[in-house]
Structures are given as structure tokens and as C-alpha cells.
Amino acid sequence: MRYVRPLMDGRGAVRLFCANGSLTMSTPKKLYIKTYGCQMNVYDSERMAEAMGGEGYVQTDTPDDADMILLNTCHIREKAAEKVYSELGRYKGLKAEKPDLKIGVAGCVAQAEGQEIMRRQPMVDLVVGPQSYHRLPQLEAKARAGEKAVDTDFPEEDKFAHLKGRPKAKRGPTAFLTVQEGCDKFCAFCVVPYTRGAEVSRPSQRIMGEARDLVERGVREITLLGQNVNAYHGHEKGLGGLVRELATIDGLERIRFTTSHPNDMDDDLIAAHADCEKLMPYLHLPVQAGSDKILKRMNRSHTAEQYIRLIERLREARPDLHLSGDFIVGFPEETEQDFLDTMALIEEVKYGSAFSFKYSERPGTPAAERPQVPEDEKDDRLRRLQALLGQQQRDLQNAMVGREVSVLFEKKGRLPGQMIGKSEYLHAVHAVVENVEVGELAKVKIVASQSNSLTGELI
């Protein structure tokens, strides 16, 4: 039988028309993606899956039946690279059973490690950095031809301009949308400037087009993403201008953005929290530490007092604003007093949620070369800090009981009639409701608070 004309069907399978005119259907190739780290990696994984969908791949939830495994990695967490190598080790048996299986590593560990990944794990077929994944189909073709494929360049072309249009399939009610990448801040502990490159902003007209497309497919809430999202300059009025323009899209009900740097929170963006109804009253604004000495050693370029005054301005603009933050304990040369300064800042600001970590060395960053705090001291400080943050989170959630909130329902719960969604403050809310579908907004009265969620009743 001689095949002469391949065509794609709507499900990613390939239709092969034979010379005699008969039709045969091949099985679509399957792609398994495991995503590590931040929301930007979640967005990137979606776009990689879409790029490979154009090559006949459909996604699978298990690596066992995959034709291609792709690890989209993050370099922020402790021992990130070693965790990737450990994960790759789990696939050795699968690779032995399925010689045609292709394995790829993408994201920030791929950018940082490059050829080292191929050296340590020869079974890896391709490595692609976060700025080059629009080239993934070409790299996959190269791997299929039996070659090793590595692309960790910072290409001049805009990867988003080279990605194919997003498929028109129905979407869930929430979506991430990357508007900015890279960082120019060079915090002493961070590898992002080295793995993601310099700050780059996408043109606002392209963001508006992608946002409209998402809304047409059922999205009602969009979270704008960037390593330093409030440094966005693709709109003549910055991120505040982009938020206001997005708010004009009919059907888009909610807008959020993350992650921000205190130094780029300009007057217009603060004002947007007051006058843009669709911008939700939740803000993730990392400070990392409360000691001016440590902030200076971190190269944060702001003081604790400047951060606190900024919070006051934001809360003046939006009194019900809920804040989230990031904290690092045990940064090189941190003393007990430095740590207590961080605790004092937390006490003053009062966070609804936070992410906190022990400092871990990142080779090539300035902080890695400085005197390190003993691990037992880091452990003790992290325990104390998380106890304070946890109490603040519980206090804020308990204060929500009796209040009315607006909930965007995202999925069905386990109980009959139960739905789960997010409030405007990003709290997870469970409620037993009738005649409410996924993707609907509804008013809910909070009746109980659990450790990580709220229970509500439909009003």
C-alpha cells in the first residue's frame, strides 16, 4: 500500500489517503508534559502542547503511553537540577521498552544546564530553553531523525510571533496570559536574568488579540504573567494602561497579574486598583526580607520602609486589598536581628498568604559566594516565620465568615451539587449550589473557614 496524501483531522490524528483512494486512520502521537514551578511555566507548557499539536500530537496524562515526554523545568527551587535528573532516571526503563520514545527537557534548568543534561542523561533526545520553545517542532523532527537537538539560544525573533494560533477548543473559565518575560533586577539570589534573559514586553495589540480569543472560548478571568510583570512596557501607559484596555473586552470579568517588583509599582497601576472594577483586590508583591542590610545584600534596591509605605498607598487605593508575598530566610550573613526585622515587617503588613523558603545556593549568583547561615538556623527561622504567616492566613480567612463574596465557579466538587471556585480575593470557596454551571459568577455568603478554603452558601 502506497500512501500519497496526509491530512490532519480535528483530533490530531493523521488521515492517510492511499493510491487507490481508500482511507486509513493512524493513531495520533501522544505527548506527556510534566510542569514544574511557576504559572509562567504552566502557560509555556500550554503553548508547547499547542505547537506539538500541529505536528500530530495529542496530550496524555501518563508517561507510560507517551510517544514524547517533555519536562518543563524550573530553576528557582532548591536542588532543582538534581530533581530533574532524578525524574529522568525514572524513565530509563520506559525508554528501554520503547526505543522510539523521545524525551525532552525544556525550561530554565534546560537553559542553565544545556549540554550537561545530554552528558549526564544520554537518553535525553532534545533540550530547549524557555525563549526557544517555538522551535520545538523542528527539534522534535531532528530527534526523530536520530540526532541530538539542543537549543538554548536567546533568539532575536519574538517566539510568540512564531507560535501558531491557539486552537479554538472550549477553555475553562480561567487562563494565564504571559505579557512580559525576563528580569533586569539581578537580585543576588536569583537565576532568572540568566535563564530567562533581559526584560521583554509583548506588544499590547497581540495581548489583546490573544485575550479576546480566550474569552471567545469561555475564559472569564485572565491572570497576566511576567517575571517582573509590572515592568511591562508594551503599552504606552504601562501595565495599568494594559489592564484598563483589557477591561473593555466584553465577557472578561476578572483581571489579575503576577509577579510584581516593588520598584515598578507606579502611580497609574496603583490608581488602577482603585478605579478598574475588573482588577481583582489581590496582589502578590514579594519583599523577600524586612532587614535593610539583607535587602541591600540581596540587591533589592528598596528598603523595608519604602515597601511598607507602598503597601499603605495600595491599601489607600483599595482598602480591601489582600496581599501575598515571598520570603527567604537564612540568606547569607543574616543575623537573628535581621530575621526579627523580617518578622516585624510581616506583623505590620499582615499577609493573606505567602510563599517562604530557606535560602539555597544558586551557582553563578553573587550570594552563592558569601558566608552561609547554618542549616539548623535556617530550619528554625523558617519554622517560626511560617507559623506567623500561617496564623495571619487563618485570621484573615476567619474574618471572611459572614461576608458576601463573588465566586467564579471553576469545577464540580466531590459532594452532590457542590461546586468549587475562587473569590475575588483568590480564596478557594466550596458551595453546594443549584442551577449554577462551571464558568458562572455568583454571590456567596461565607459560612465557615477551613485551613486552606472557605465554605459558602449561594445568596
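Please refer to the structure higher up on the page.
Chemist: So what exactly am I meant to see when it comes to the pairing of strand β19 (residues 418-423) here?
Modeler: Regular strands place side chains that alternate from one sheet face to the opposite one. Where burial is concerned, most of β19 is hidden: five out of the six residues are buried. In the sheet, strand β18 (residues 404-412) pairs with β19 via five bridges, with the strands oriented antiparallel. The residue of β19 that forms the bridge with Phe 409 is Gly 421. Counting the residues between successive antiparallel strands, the hairpin from β18 to β19 contains five residues, one of them, Gly 417, with a positive phi of roughly 80°.

Chemist: Whenever I open this one, the pattern of salt bridges confuses me. Can you help?
Modeler: Pairing is possible between side chains of opposite charge, provided their charged atoms come close. Enumeration over the complete set of coordinates arrives at 38 salt bridges. The partner of Arg 196 in a salt bridge is Asp 44, with the nearest N and O atoms 3.1 Å apart. One end of the pair, Arg 196, is in the loop between α8 (192-195) and β12 (200-201); the other, Asp 44, is in helix α1 (residues 39-53), and 152 residues separate them in sequence. Of the two residues examined, Arg 196 and Asp 44, each falls in the buried class. Close ionic contact of Arg 171 with Glu 46 constitutes a salt bridge, the shortest N to O distance being 3.5 Å. Of this pair, Arg 171 sits in the loop between α7 (159-162) and β10 (174-178) while Glu 46 is found in helix α1, placing the two residues 125 residues apart along the sequence. Classification of Arg 171 as buried rests on a relative accessible area of 17%. By relative accessible area, which is 24% here, Glu 46 ends up partly exposed. Linked through salt bridges whose partners overlap, the residues forming this network are Glu 334, Glu 336, Glu 377, Asp 380, Arg 381, Arg 383 and Arg 384.

Criteria and cut-off values
Residues numbered from 1 in each chain as written. Predicted model: local features only at pLDDT ≥ 70, side-chain atom pairs only at ≥ 80, totals over all residues. Heavy atoms only, no water. Buried < 20%, exposed > 50% of the residue type's maximum accessible area, 1.4 Å probe, protein only. Helix = DSSP H or I, 4+ residues; strand = E, 2+ residues; numbered from the N terminus. Pairing = 2+ DSSP bridges. Salt bridge = Lys/Arg side-chain N within 4 Å of Asp/Glu carboxyl O.

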